[in-house]
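The lines below spell out each chain.
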Amino acid sequence: SCGGVGAEQAVLPAAIGASEPQSGQVTEEQKPEVVFVIGPPGSGKGTFSKRCVEQWGYRHISVGDCIRDEQRRSDSELATRIESTMKEGKLIPS
(Lines give C-alpha, C1' and ligand atoms only; values in the text may rest on other atoms or scores of the structure.)
Protein backbone atom coordinates (compact mmCIF):
# COMPACT_ATOMS: atom_id res chain seq x y z
CA SER A 1 0.00 0.00 0.00
CA CYS A 2 1.13 3.59 -0.62
CA GLY A 3 0.58 5.51 2.61
CA GLY A 4 -2.79 3.91 3.27
CA VAL A 5 -3.85 4.12 -0.38
CA GLY A 6 -3.68 0.91 -2.40
CA ALA A 7 -1.05 0.92 -5.14
CA GLU A 8 -3.75 0.76 -7.80
CA GLN A 9 -5.34 3.90 -6.39
CA ALA A 10 -2.04 5.78 -6.38
CA VAL A 11 -0.66 4.66 -9.73
CA LEU A 12 -3.49 5.37 -12.17
CA PRO A 13 -4.33 8.92 -11.03
CA ALA A 14 -0.61 9.75 -10.89
CA ALA A 15 -0.13 8.34 -14.38
CA ILE A 16 -2.84 10.60 -15.77
CA GLY A 17 -1.52 13.75 -14.13
CA ALA A 18 -3.67 14.03 -10.99
CA SER A 19 -1.75 15.83 -8.29
CA GLU A 20 -3.16 13.81 -5.38
CA PRO A 21 -4.64 10.31 -5.41
CA GLN A 22 -8.30 10.74 -4.46
CA SER A 23 -9.19 7.15 -3.52
CA GLY A 24 -10.16 6.26 -7.05
CA GLN A 25 -11.87 9.57 -7.85
CA VAL A 26 -10.99 9.97 -11.52
CA THR A 27 -13.13 12.24 -13.67
CA GLU A 28 -14.11 11.24 -17.18
CA GLU A 29 -11.83 14.01 -18.51
CA GLN A 30 -8.85 12.59 -16.61
CA LYS A 31 -9.50 8.95 -17.45
CA PRO A 32 -7.38 7.68 -20.35
CA GLU A 33 -9.29 5.90 -23.10
CA VAL A 34 -7.02 2.82 -23.05
CA VAL A 35 -4.81 1.45 -20.29
CA PHE A 36 -2.50 -1.49 -20.98
CA VAL A 37 -1.67 -3.64 -17.97
CA ILE A 38 1.38 -5.79 -18.68
CA GLY A 39 3.52 -8.05 -16.57
CA PRO A 40 4.72 -11.61 -16.13
CA PRO A 41 2.37 -14.45 -15.15
CA GLY A 42 1.18 -14.17 -11.57
CA SER A 43 2.13 -10.50 -11.18
CA GLY A 44 -1.41 -9.30 -10.46
CA LYS A 45 -2.54 -8.03 -13.87
CA GLY A 46 -5.97 -9.60 -13.50
CA THR A 47 -6.42 -8.34 -9.95
CA PHE A 48 -5.34 -4.83 -10.92
CA SER A 49 -7.64 -4.88 -13.94
CA LYS A 50 -10.58 -6.06 -11.82
CA ARG A 51 -10.01 -3.12 -9.48
CA CYS A 52 -9.82 -0.70 -12.40
CA VAL A 53 -13.23 -1.97 -13.50
CA GLU A 54 -14.70 -1.69 -10.00
CA GLN A 55 -13.17 1.64 -8.98
CA TRP A 56 -12.97 3.59 -12.23
CA GLY A 57 -15.52 1.96 -14.52
CA TYR A 58 -13.08 0.65 -17.11
CA ARG A 59 -13.95 -2.27 -19.33
CA HIS A 60 -11.50 -5.18 -19.03
CA ILE A 61 -10.49 -7.08 -22.15
CA SER A 62 -7.99 -9.91 -21.69
CA VAL A 63 -6.20 -10.89 -24.89
CA GLY A 64 -5.44 -14.30 -23.41
CA ASP A 65 -9.13 -14.87 -22.61
CA CYS A 66 -10.10 -13.81 -26.13
CA ILE A 67 -7.61 -16.24 -27.66
CA ARG A 68 -8.76 -19.12 -25.41
CA ASP A 69 -12.42 -18.38 -26.24
CA GLU A 70 -11.66 -18.46 -29.95
CA GLN A 71 -9.75 -21.74 -29.60
CA ARG A 72 -12.84 -23.37 -28.03
CA ARG A 73 -14.88 -22.69 -31.17
CA SER A 74 -14.78 -25.88 -33.21
CA ASP A 75 -15.95 -24.15 -36.41
CA SER A 76 -13.30 -21.43 -36.34
CA GLU A 77 -10.66 -21.11 -39.04
CA LEU A 78 -8.94 -18.57 -36.79
CA ALA A 79 -8.74 -21.16 -33.98
CA THR A 80 -6.91 -23.50 -36.35
CA ARG A 81 -4.44 -20.74 -37.26
CA ILE A 82 -3.91 -19.85 -33.58
CA GLU A 83 -3.24 -23.50 -32.70
CA SER A 84 -0.70 -24.01 -35.50
CA THR A 85 1.08 -20.73 -34.67
CA MET A 86 1.34 -21.71 -31.00
CA LYS A 87 2.59 -25.22 -31.87
CA GLU A 88 5.37 -23.58 -33.89
CA GLY A 89 6.30 -21.54 -30.82
CA LYS A 90 5.53 -18.25 -32.55
CA LEU A 91 3.68 -15.21 -31.22
CA ILE A 92 0.12 -14.79 -32.39
CA PRO A 93 -0.04 -11.79 -34.74
CA SER A 94 -2.52 -8.98 -34.18
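Residues numbered from 1 in each chain as written. Predicted model: local features only at pLDDT ≥ 70, side-chain atom pairs only at ≥ 80, totals over all residues. Heavy atoms only, no water.

## Notes on the environment of G46
Along the chain, G46 turns up in helix α2 (residues 45-56). Taking the relative accessible area as the measure of exposure, G46 reaches 45% and is therefore partly exposed. Through-space distance from the C-alpha of G46 to that of H60 is 9.0 Å; in sequence the pair is 14 residues apart. (Helix = DSSP H or I, 4+ residues; strand = E, 2+ residues; numbered from the N terminus. Buried < 20%, exposed > 50% of the residue type's maximum accessible area, 1.4 Å probe, protein only.)

## Points about the side chain of E70
Residue position: E70 is located in helix α3 (residues 63-72). What E70 contacts, discounting residues up to four positions off in sequence, is S76, L78, A79 and I82. (Contact = heavy atoms within 4.5 Å.)

## Focus on a nonpolar patch on the surface
On the surface, a nonpolar cluster with roughly 420 Å² of combined accessible area is contributed by V34, F36 and I38. Structurally, F36 is set in the loop between α1 (7-15) and α2. A residue is classified by how much of its surface remains accessible, and F36, at 72% relative accessible area, is exposed. (Patch = residues over 30% accessible without salt bridge, like charges linked within 9 Å, V, L, I, M, F, W, Y side chains within 5 Å. Areas by Shrake-Rupley, 256 points an atom, 1.4 Å probe, with all protein chains shown as cover. Salt bridge = Lys/Arg side-chain N within 4 Å of Asp/Glu carboxyl O.)

Spatial relationships are all this shows, so hold off on functional conclusions.
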